[in-house]
Amino acid sequence: MIVVFKHFFYKNYVGLSLWPFIILKEDSLKTDEVLINHERIHLKQQRELLILPFYVLYISEWLFRTVLYLNSYRAYQNISFEREAYANEKDMQYLSKRKTFGFLKYLTR
Ligand SMILES: [Zn+2]
């Protein structure tokens with residue numbers, strides 16, 4: 001389910017998934033297939049981890065990598081959930097062929 005909230009976003013971020021919603025900064029982004037696919041990958045990750053543990057793991061991995069890289073943006077980009085989403089967002093068939101816990105292989109790279 002896609003909703004638009006203009007005043008919700010920090011810096012350059014334009015989309016966010018909070019199961020079962022994909023939240024976008026602008027209406028026009030609804031036609032951005034790559035962005036929507038990226039957010040749908042996150043919805044799938046959230047659902048298979050029963051939602052709440054996803055956020056706990058996401059934030060833990062982000063904190064851990066922030067200490068590791070001393071760079072919060074680089075840390076964000078390297079969270080396994082983000083690595084999986086960025087690596088496959090352009091593949092519109094990805095979600096139909098993805099294996100459960102597909103983010104795990106992006107934990108180490
Ligand atoms: Zn993402």
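This section reports on the structure supplied with the text. No experiment lies behind these values; they were computed from the predicted model shown.

It is worth spelling out the overall build of the protein at this point. Of regular secondary structure, the protein possesses five helices and three strands. Overall, the protein shows an N-to-C arrangement of helices and strands of β-β-β-α-α-α-α-α. Taken over C-alpha atoms, the radius of gyration comes to 14 Å for the protein, in line with the 13 Å a tight globule of 109 residues would show. With respect to the principal axes defined by its C-alpha atoms, the protein has extents near 35 × 35 × 25 Å. Burial analysis of the protein (109 residues in total) assigns 39% to the buried set. Carbon and sulfur atoms form 63% of the exposed surface of the protein, whose accessible area is close to 7100 Å². Where the 16 positive side-chain charges of the protein centre and where its 11 negative ones centre are 5 Å apart.

Quick look at the coordination of the zinc ion now. Surrounding the zinc ion are the protein donor atoms His38 (NE2), His42 (NE2), Glu82 (OE) and Glu82 (OE), at 2.0 to 2.7 Å. Considering all four donor atoms around the zinc ion, the spread of angles at the metal, 53 to 154°, places the coordination shape in the irregular class. In the primary structure, the donors to the zinc ion are separated according to the pattern H-x3-H-x39-E. With a gap of four residues between them, histidine 38 and histidine 42 both fall in helix α1 (residues 33–48), about one helical turn apart. In terms of burial, histidine 38 and histidine 42 fall into one category: buried.

Turning to the environment of aspartate 32, a few remarks are in order. When you line up the elements, aspartate 32 lands in the loop between β3 (21–24) and α1. Residue aspartate 32 is classed as partly exposed on the basis of its relative accessible area, which comes to 32%. For aspartate 32, the side chain forms a polar contact with the main-chain nitrogen of leucine 35, separated by 3.1 Å.

Before going further, it helps to examine the layout of surface pockets. Considering only enclosed or pocket space, the largest pocket measures out at about 840 Å³ in volume. Forming the walls of the largest pocket are 28 residues, and the residues nearest its centre are Tyr13, Leu16, Tyr58, Tyr76 and Glu82. Counting only elements with at least two residues in the lining of the largest pocket, the list comes to β2 (15–18), α1, α2 (52–69), α3 (72–77) and α4 (80–88). Along the lines of polarity and charge, the residues of the lining of the largest pocket split into 17 nonpolar, seven polar and four charged.

It is worth spelling out the nonpolar core at this point. The biggest cluster of nonpolar side chains holds seven residues, and these are Leu49, Phe54, Tyr58, Tyr76, Ile79, Phe81 and Phe103. Discounting chain neighbours no more than four positions away, the residues touching isoleucine 79 are Tyr58, Glu61, Trp62 and Arg65. If you look at the next biggest cluster of nonpolar residues, it comprises six residues, including Ile22, Leu24, Leu29 and Leu43.

Further remarks concern α1. Residues three or four positions apart in an α-helix share a direction because the helix packs 3.6 residues into each turn. For α1, with 16 residues, the first-to-last C-alpha span of 22 Å sits near the 22 Å given by 1.5 Å per residue. Its buried side turned inward, α1 meets β1 (2–4), β2, β3, α2, α4 and α5 (94–97). In the segment just after α1, leucine 50 is the residue with positive phi, at about 60°.

Rules of the game
Residues numbered from 1 in each chain as written. Predicted model: local features only at pLDDT ≥ 70, side-chain atom pairs only at ≥ 80, totals over all residues. Heavy atoms only, no water. Helix = DSSP H or I, 4+ residues; strand = E, 2+ residues; numbered from the N terminus. Rg over C-alpha atoms; globule rule 2.2 N^0.38 Å. Buried < 20%, exposed > 50% of the residue type's maximum accessible area, 1.4 Å probe, protein only. Areas by Shrake-Rupley, 256 points an atom, 1.4 Å probe, with all protein chains shown as cover. Lys, Arg positive; Asp, Glu negative; His and termini not counted. Charge placed at Lys NZ, Arg CZ, Asp CG, Glu CD. Donors = N, O, S within 2.8 Å, 3.2 Å for Na, K, Ca; no water. Tetrahedral: all angles 85-135°; square planar, octahedral: opposite > 155°, others 65-115°. Polar contact = N/O pair within 3.5 Å; in protein donor to acceptor, adjacent residues only side chain to side chain. 1 Å grid on protein atoms, 1.4 Å probe; cavity = no way out; pocket = protein on both sides within 12 Å on 5 of 7 lines; lining within 4 Å. Points joined across faces, edges and corners; volume = space filled by probe spheres on them. Nonpolar A, V, L, I, M, F, W, Y, C, P; charged D, E, K, R; others polar. Core = buried A, V, L, I, M, F, W, Y, C linked by side-chain atoms within 4.5 Å. Contact = heavy atoms within 4.5 Å. Expected span 1.5 Å × (residues − 1).

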